[in-house]
Amino acid sequence: MNGSRTLGNDEVFGYARHAAAITKVTGRFSFQQRAAIFVRRRVMRILRNVLSISIGTIVAAIGVYAYAASGSTASFKEDYIREPLPPGFQVIVTELEGPIFADAQGKSFYYWPKKQLRNGDAGEVQGKPTCGFDVARETAGFLSPYPPGIELPEVDTRPSCAAAWPPVFASDDAKPVGKWTIVDRLDGRKQWAYDGWSLYTSFLDKKPGDVYGASQLFHHGETNVQRYPMRPAPNVPPQFSVQTTMLGRLVVLHDDWSVYTFDGDGRNKSNCEGACLDGWAPVLSAASARSVGEWSVFERTPGVKQWAFRGKPIYRHMGDSKIAALDGSDTPRWHNVYTQMAPEPPQGFTMKKTLMGLVLGDANQKTVYQYVCGDDAIDQLACDHPDAPQAYRFAVCGGGDPDKCIKAFPYLIAPVGAKSGNQVWGTMYIDPKTGKRATADKPGALNVWTFRARPVYTFAGYKGYGDRKPSDINAQSWGEFNGERNGYIALVYRDIFENFDAGIQVDLIN
Amino acid sequence: MKTEHSRVMSRLGLAGLALVVVGGGSAAISADNTAPRDRSIAYAAHEIKLSVYETPDAKEECPQGVNTMGPREAFKALYPQDAGQKWKVVDTQMAREAEIWWPTVGKAEEFPFIEAEGKTAIGVDLDGKTKPSDFTSPEGKPGIDNQLYRVTGCIMNYRRGASIVNSERQKLLAYHFNRLLIELTDVDSLINDDDVTITTYRGLDALLQDAQGAFQAGGSERIDMRWGAKDFVHTGKGRIVNGVLKTDPMDIFVPQEVAFSSGAASTLRGAQFELKVMPDRAEGVIGGYADVESFYRRFNRAWGTHFMSYGQQVPPAVYRSLTRLADGYPDPKTGENTAISASYSVKMVQVLALHPDKKIADAAPASGAAQFAESVASSQADAK
């Protein structure tokens, strides 16, 4: 089949099914919505029947899931616990990260918790902001095996910590509210804190809903000390939590094990009995638990209460091999639970099977990579975006040579005028010689796809070592410290063995 | 005095007897009572490491000593911090990383890179010839092809007690990604059978261990026909001679992830297995020609410069040594060898391989408990 390959129905339609699951549980749709869902299901069923899938069909199917996911889930946003806010502050339910605190202009809030690195630790502890206006000029030596005291790239234009992460200053007459407190900065000014954590915005965020400064995703063993979006508590019962994943905000138990719903259940009624219970464990509530928000408690059998989300009873899957797994959704009619779905990739992208799981591919099923970078200064600034020095990226993608870089790791070119329809995916003009932003009229500028306002790439490689077939992920972990400090990481939508599809780490010793 | 062969024979005989008891006499039993049930047996690797022959003081293989100038030492020597000079990241750290990811072939080494010498190495006679560059095995077999040993033999990272060797062992057993599994079929005897089929797979499950951590035979392993089928499944032919499996050359792809989700694996071309096969375990070597690019990239992706520093391993020097000593699979255009003879020492335990049915393999829905239960039930039904 000239290099193309067949994907299982689950790979192609899994996304749509996740979306449909959330849609179906509500039971609150208009006739038009139900009709649209019916049509979509028929379309999907027909497509399933004709799935002797070629690449073109895969692309079409991705379009179908995109269609199914949009509209049906667009109205479902994560609920959160309301609490008093300081004047002007707000909560914005963002597309990938869910509800995030923001200022009056809609700029997302972040915090910077301390983390231990190889040769020391960086970040902040509660109540003590350290991100100041002095420009760090040298490495801190956190990144073994390299020593401290080496001049950073583009040091004359390097922003200070507080320029890259503007503090959320408090006025002199500001008053603490609930978990919102006011802390003293080293420069004598006042700064807002939430739950003790000093708050910042990001110079990368331009409009409400942007969360480009940091993500809950991509925090792995060797990444630098990153910032996190500051969010209100999701409105879930205490035994649950919500994780940001590439597919959406995934509901998990407090210990991060996934939960599922079953199509065979009724509204607040479980039909999983007998043999069904061999593989699925109802998530029971305490006898004293009460329904809250989208969560309800129903009596499964006399005296035994079970949780339901949006009317659908909740279970654990006994066969899950890791936390935040999607394994249970492989079983027909069972679904992971999301509070909201993430925006789908733009049309033309594909979802494909690789050695490590489901990974995003371009139209030719070449793995799509993002570039990850954090510098080794005391303030741990990100160097993974086109406004940062490109010397780091050029070193690993082309031995310091931009021309080699673009041959080995070509940008994913977007059609002129392409729109993603969301803030997670987008396009940007790049000067490939510098790796920096460019205007559309600059000679040689490339219009490239972006994920979280950062270009994405494929891996052509060199000397025969590159991504050739759809299952290849040969640039996964390419770069310093397994690619986590200065390198390339695939856009993984389903990590079979670990958790590169989410922002949590798995204890792998089993 | 019992020979190794007779020890294996007696063990196989006892195990064969056990199989008869366990199998209730339903399985086809060969004349020597060593035929596995259904003429098939599978093993999962719990240890894979490069074969490095080591003498106690390294005098034989590394008469000049082992390499001492790793990334950390080299950086300190090249960019002294007490000399008053101001160094820049771009000229130092990034220049070093650039050379790691894009090594310059033919460049003179900054510090001497010590390769292994000596006449002895572990491995397989891959080409049936005895050449001047070949080694003799520790047991005295000539013609051993393992030029990769020359590259790695004097790097502490690959020697006994080194952190990377130990870490790789731990990671290999901990990560399901790495679960290399072989299945032998058409087996009439585990002692002598002139025609068996070997297929490599990836397993998806943890290995059975006792309370002491020792690996136990008899665990089940779901075979990954969903994610790794296109890459990890390879079939070849072989024979068992006096309890040792020897296979014909076959290209295989070995999962060797170390860091989280690095997806690292490397290609071994013309791989030949030489394994003592027993009812409960198998051990020996896998010889073959390591694809230079694949081998080098896999190691860099799996390990960072920090880890290379533990064992004084300078990646670009390794790359230049790899390309210089490469001895197989010449590029048809340039004539340059693209692969280097190599050997991995492996230890495996017997497992019950659970094959997904074709529908599951094709449609790929099967990792849920229901399918797993079906698979087990199907396997048990087949066994009855």
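Above this note sits the structure.
Residues numbered from 1 in each chain as written. Chains lettered and ligands numbered in written order. Predicted model: local features only at pLDDT ≥ 70, side-chain atom pairs only at ≥ 80, totals over all residues.

Student: Help me understand the overall build of chain B in this model?
Tutor: Per the secondary structure count, chain B includes 11 helices and 11 strands. Across the 384 residues that make up chain B, the buried fraction comes to 52%. Within chain B, residue pairs in contact and separated by at least 24 positions form 67% of the contacts whose partners lie at least 6 positions apart. (Helix = DSSP H or I, 4+ residues; strand = E, 2+ residues; numbered from the N terminus. Buried ≥ 20, exposed ≤ 12 C-beta atoms within 10 Å, placed from the backbone. Contact = placed C-beta atoms within 7 Å.)

Student: Looking at this structure, I do not really get the sheet that holds strand 7 (residues 190–194) of chain A. What am I missing?
Tutor: The strands making up a sheet associate through backbone hydrogen bonding, with each pair oriented either parallel or antiparallel. All names here are of chain A. As summarised here, the arrangement of the 3 strands in space is 6-7-8, forming an open sheet in which the pairing is antiparallel. Two strands close off the open sheet at either side, each with one partner strand: strand 6 (180–184) and strand 8 (197–198). When strand 6 meets strand 7, the two strands line up antiparallel, connected through 5 bridges. Each bridged residue has a counterpart across the sheet, and for Val183 the counterpart in strand 7 is Gln191. (Pairing = 2+ DSSP bridges.)

Student: Would you mind going over the packing of helix 7 (residues 292–302) of chain B against helix 9 (residues 315–325) of chain B with me for this structure?
Tutor: The description of two helices packed together rests on the angle between their axes and the distance between the axes. Residue and element names in this part refer to chain B. In the contact formed by helix 7 and helix 9, the axes pass within 10 Å of each other and the chain directions differ by 165 degrees. The orientation of helix 7 with respect to helix 9, classified from their angle, is roughly antiparallel. As for how helix 7 packs across helix 9, the hand of that crossing is right-handed. Contacts from Val292, Phe295, Tyr296 and Asn300 in helix 7 reach Pro315, Val318, Tyr319, Leu322 and Thr323 in helix 9. (Axes fitted to C-alpha atoms, helices over the stretch in contact; angles between N-to-C directions. Parallel < 35°, antiparallel > 145°, perpendicular 65-115°, else oblique. Left-handed = near helix turned anticlockwise from the far one by under 90°.)

Student: Just checking my understanding: could you explain the interface of chain B and chain A for this structure?
Tutor: It is common to give the size of an interface as the accessible area that goes away when the parts come together. If you look at the interface, chain B gives 51 residues, while chain A gives 62 residues. The set of elements that each furnish at least two residues to the side of chain B that touches chain A consists of helix 2 (71–78), helix 3 (93–101), helix 6 (229–232), helix 7, helix 8 (305–310) and helix 11 (369–383) of chain B.

Student: In this structure, what is going on with the packing of helix 6 (residues 391–398) of chain A against helix 3 of chain B? I would like to understand it.
Tutor: Relative orientation of the contacting elements helix 6 of chain A and helix 3 of chain B amounts to 25 degrees, with a least axis distance of 7 Å. Here helix 6 of chain A is positioned roughly parallel relative to helix 3 of chain B, judged by the angle of their axes. Relative to helix 3 of chain B, the crossing made by helix 6 of chain A is right-handed. Along the contact surface, helix 6 of chain A presents Ala391(A), Tyr392(A), Ala395(A) and Val396(A), while helix 3 of chain B presents Met94(B), Glu97(B), Ala98(B) and Trp101(B). Tallied by class, the residues present in the contact of helix 6 of chain A with helix 3 of chain B amount to 7 nonpolar, no polar and 1 charged. (Nonpolar A, V, L, I, M, F, W, Y, C, P; charged D, E, K, R; others polar.)

Student: Where do I start with the sheet that holds strand 16 (residues 312–313) of chain A in this structure?
Tutor: Residues and elements named next belong to chain A. Taking strand neighbours across the sheet as the criterion, the 3 strands line up as 14-15-16 in an open arrangement whose pairing is antiparallel. In this open sheet, the two edge strands, each paired with only one partner strand, are strand 14 (295–301) and strand 16. For strand 15 (residues 304–309) and strand 16, the ladder comprises 2 bridges, and the chain directions are antiparallel. Across the sheet, Phe309 pairs through a bridge with Lys312, a residue of strand 16.

Student: Sorry if this is basic, but what is going on with unusual backbone geometry here?
Tutor: Excluding glycine, residues mostly have negative phi values, and the peptide bonds linking residues are mostly trans. Residues and elements named next belong to chain A. Looking along the chain, the bond that leaves Ser144 and enters Pro145 is cis, with omega of 10 degrees. With respect to the helices, strands and loops of the structure, Pro145 is situated in the loop between strand 5 (120–122) and helix 4 (161–164). The residue Asp195 is not glycine, and still its phi comes out positive at about 55 degrees. With respect to the helices and strands, the residue Asp195 is situated in the loop between strand 7 and strand 8. Of note, the phi angle at Ala324 is positive, near 50 degrees, even though the residue is not glycine.

Student: Explanation requested: the environment of Leu204(A) in the structure shown.
Tutor: With respect to the helices, strands and loops of the structure, Leu204(A) is situated in the loop between strand 8 and strand 9 (228–229). Filtering out sequence-adjacent residues up to four positions away, Leu204(A) remains in contact with Tyr212(A), Gly213(A), His385(A) and Ala453(A).

Everything listed here is a matter of coordinates, which is why it stays silent on function.
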